[in-house]
Amino acid sequence: MSNDKTQLIAILAGEDSGDQLGADLIHALRQRYPQARFVGIGGARMQAQGFESWYDIRELSLFGFAEVVSHLPRLLRLRKALVARLIAAKPAVVIGIDAPDFNLGVEQRVRTAGIRTVHYVSPSVWAWREKRAEKIGHSADRVLCLFPMEPDIYARHGVDARFVGHPLADRFALVSDRVGARDFLQLPQNAPVLAVLPGSRASEVARLGRIFLDAARQVAAQLPGLRIVIPAANAQVYASLKALLGDAPQNDDTPLLLEGRAHEVMLAADVVMLASGTATLEAMLAKRPMVVGYRVSPVSYRIARALKMLKTDVYALPNILARACGLGEHAMLVPELMQDDCTPDKLAAATLALFHDSQRRGEIVAAFEQLHRALRGELEGQAGDHAAAAIADLIERPRG
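Every value quoted in this text rests on a predicted model; they were computed, and no experiment measured them.

Calculation notes
Residues numbered from 1 in each chain as written. Predicted model: local features only at pLDDT ≥ 70, side-chain atom pairs only at ≥ 80, totals over all residues. Heavy atoms only, no water. Helix = DSSP H or I, 4+ residues; strand = E, 2+ residues; numbered from the N terminus. Buried < 20%, exposed > 50% of the residue type's maximum accessible area, 1.4 Å probe, protein only. Contact = heavy atoms within 4.5 Å. Areas by Shrake-Rupley, 256 points an atom, 1.4 Å probe, with all protein chains shown as cover. Core = buried A, V, L, I, M, F, W, Y, C linked by side-chain atoms within 4.5 Å. Pairing = 2+ DSSP bridges. Axes fitted to C-alpha atoms, helices over the stretch in contact; angles between N-to-C directions. Parallel < 35°, antiparallel > 145°, perpendicular 65-115°, else oblique. Nonpolar A, V, L, I, M, F, W, Y, C, P; charged D, E, K, R; others polar. Arc of directions from axis to C-beta. Polar contact = N/O pair within 3.5 Å; in protein donor to acceptor, adjacent residues only side chain to side chain. Salt bridge = Lys/Arg side-chain N within 4 Å of Asp/Glu carboxyl O.

**Observations concerning the overall build of the protein chain**
And step 1. When you go through the protein chain residue by residue, the secondary structure sums to 18 helices and 13 strands.
And step 2. Taken across its 400 residues, the protein chain has 50% of its residues classed as buried.
And step 3. Pairs at least 24 residues apart make up 68% of the contacts formed inside the protein chain by residues separated by at least 6 positions.
And step 4. Accessible surface, the protein chain as shown: approximately 18,100 Å² in total, 51% of it carbon and sulfur.

Structure below.
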């Protein structure tokens, strides 16, 4: 980087997953631009890479219509101040990582001011109104996609989009190590193990925690020797789940609550019961059969239904990928129990069905291995490296 203007790269990350993507991206970009300065919004992982965070990443950690609406005035003030600061700083590029409701608006405003923009992690255009792809193209000079089916959707709308691979696909082996994971967690090799993940946010645990824990207890009542393991996404979720579990003495029959270690817990499990979201992709990459449940707030659900915003009848990422990758147009690899169907009885019944059907579990594992390969594609190296290459190409491209 010889131009002083290109010494500054702005990154805007929302939520914990964005912080991890941002940290990987900064590490990869530093290989190309050792003297670069990275600024914007990021968390502890990005800051450990030398990132200068102008605002707390928790400012953007919201989910659902109701939650966003209640914080809208504050978010609008934050966005206005951030845009002004970015335009004054004139970075070589502004990279919005996920958080599309916030980041795309920022990207559009700074792009209008002549700053190049990248949106890293395509919104789910395959699920929510494909025409949004064209609007995203008005905000981003380039979209970086984690799923192989996404660039073709953007191409139909004249948007420059690149498949860079999914970073989670780099973190899981194609053949999972159940024995090693159980040894690490000190779980018996011959016991049935159920992993339970009722969400990564306190608001999700408030809606889903008791439902999932009640379902797990029903499974345990019918499956002798079952070990239930619950990896909490963070300290706040840990505290919420601990309160729901109560103060029962810890023994082999009570759920084992951990802070973190979700990957190891999934690898150790026979079946995973979890909330819809990125965790379903992690369970797929761990090659673990799963049951997915979810409820949004009644307000969010009514708005989505009234506006007919969904264009898909499947929600779990493994099911969406299975269709996109030709593993059956109507195949349901993963049971989905959404909204009113997300009850303890139905979750428990679907989970028990998987425990009792070893042939079905084997078929699911084989399909998950195929999907894992699809997420790696023909790319060699890490997803962060491919994302950095696509961003560097944009930075160094002469302006037309």
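**Focus: unusual backbone geometry**
And step 1. Residues other than glycine seldom take positive phi values, yet Val121 does so here, at roughly 90°.
And step 2. The topology assignment puts Val121 in the loop between strand 5 (116-120) and helix 6 (132-139).
And step 3. Despite not being glycine, Arg261 has its phi angle at roughly 70°, a positive value.

**Quick word on the nonpolar core**
And step 1. Ranked by size, the top nonpolar core spans 122 residues in total, and within it Ile9, Ile11, Ile95 and Tyr120 carry the most contacts.
And step 2. With eight residues, the single largest contributor to this core is helix 10 (residues 202-222).
And step 3. When neighbours within four sequence positions are excluded, Tyr120 is seen to be in contact with Leu21, Leu25, Ile95, Gly96, Ile97, Asp98, Leu144, Leu146, Val164, Ala383, Gly384 and Ala387.
And step 4. In this structure, Val125, Ala140, Val143 and Val159 belong to the second largest nonpolar core, which totals 11 residues.

**Quick notes on the sheet that holds strand 1 (residues 8-13)**
And step 1. Ordered by their spatial adjacency, seven strands build an open sheet running 3-2-1-4-5-6-7, and the pairing between neighbours is parallel. Two strands bound the open sheet, and with one partner strand each, they are strand 3 (52-56) and strand 7 (161-163). The average undirected angle you get between the axes of adjacent strands in this sheet is 20°.
And step 2. Strand direction decides the pairing type here: strand 1 and strand 2 (residues 37-42), joined by five bridges, are parallel.

**So, the side chain of Ser276**
And step 1. The topology assignment puts Ser276 in the loop between strand 11 (271-275) and helix 13 (278-285).
And step 2. Setting aside anything within four residues of it in sequence, one finds Ser276 in contact with Val292, Gly293, Tyr294, Tyr315, Ala316 and Met338.

**Remarks on the packing of helix 5 (residues 100-112) against helix 6**
And step 1. Interhelical geometry of helix 5 versus helix 6 gives an angle of 50° and a closest axis separation of 7 Å. The orientation of helix 5 with respect to helix 6, classified from their angle, is oblique. Residues Leu104, Glu107, Gln108 and Arg111 of helix 5 form the contact with helix 6, whose own contacting residues are Ile136, Gly137, His138 and Ser139.
And step 2. Counted by class, the contact of helix 5 with helix 6 contains two nonpolar, four polar and two charged residues.

**So, helix 9 (residues 178-185)**
And step 1. Looking at helix 9, one finds that the buried residues are Ala181, Arg182 and Leu185. Around the axis of helix 9, the buried residues are gathered within 95° of arc, so they sit on the same side.
And step 2. Residues of helix 9 that are buried make contact with strand 8 (193-197), strand 10 (256-259) and helix 12 (262-268).
And step 3. Where helix 9 begins, the side chain of Asp177 points an oxygen toward the backbone nitrogen of Val179, at a separation of 3.4 Å.
And step 4. Remark: Gln186 follows helix 9 within two positions and exhibits a positive phi of approximately 60°.

**Considerations on the pattern of salt bridges**
Note on pairing: side chains with opposite charge can pair once their charged atoms come close.
And step 1. In the structure shown here, the tally under the stated rule is 15 salt bridges.
And step 2. Here Arg142 and Asp393 are joined by a salt bridge, their closest N and O atoms 2.9 Å apart. Residue Arg142 is located in strand 6 (residues 142-145), and its partner Asp393 is located in helix 18 (residues 383-396); the two are separated by 251 residues in the primary sequence.
And step 3. Judged by relative accessible area, which is 39%, Asp393 ranks as partly exposed.
And step 4. A salt bridge links Arg182 to Asp270; the nearest nitrogen and oxygen atoms lie 2.9 Å apart. Here Asp270 lies in the loop between helix 12 and strand 11 and Arg182 lies in helix 9, a separation of 88 residues in the sequence.

**Describing the sheet that holds strand 12 (residues 290-294)**
And step 1. Here six strands make up an open sheet; going across it, the order is 10-9-8-11-12-13 and the pairing parallel. At either margin of the open sheet sits one strand with a lone partner, and together these are strand 10 and strand 13 (336-338). Pairwise comparison of adjacent strand axes, ignoring direction, gives a mean angle of 20° for this sheet.
And step 2. Bridge count for strand 8 against strand 9 (residues 227-232) is three bridges, and the pairing is parallel. Bridge pairing in strand 9 links Ala195 to Val229.

**Considering the packing of helix 13 against helix 17 (residues 358-376)**
And step 1. Following both chains from N to C, one finds helix 13 and helix 17 inclined at 110°, their axes separated by 9 Å at the closest point. It follows that helix 13 is roughly perpendicular to helix 17 by the angle criterion. For the pair formed by helix 13 and helix 17, the contact residues are Leu281, Met284 and Leu285 on the first element and Phe368, Leu371, His372 and Leu375 on the second.
And step 2. Along the lines of polarity and charge, the residues of the contact of helix 13 with helix 17 split into six nonpolar, one polar and no charged.

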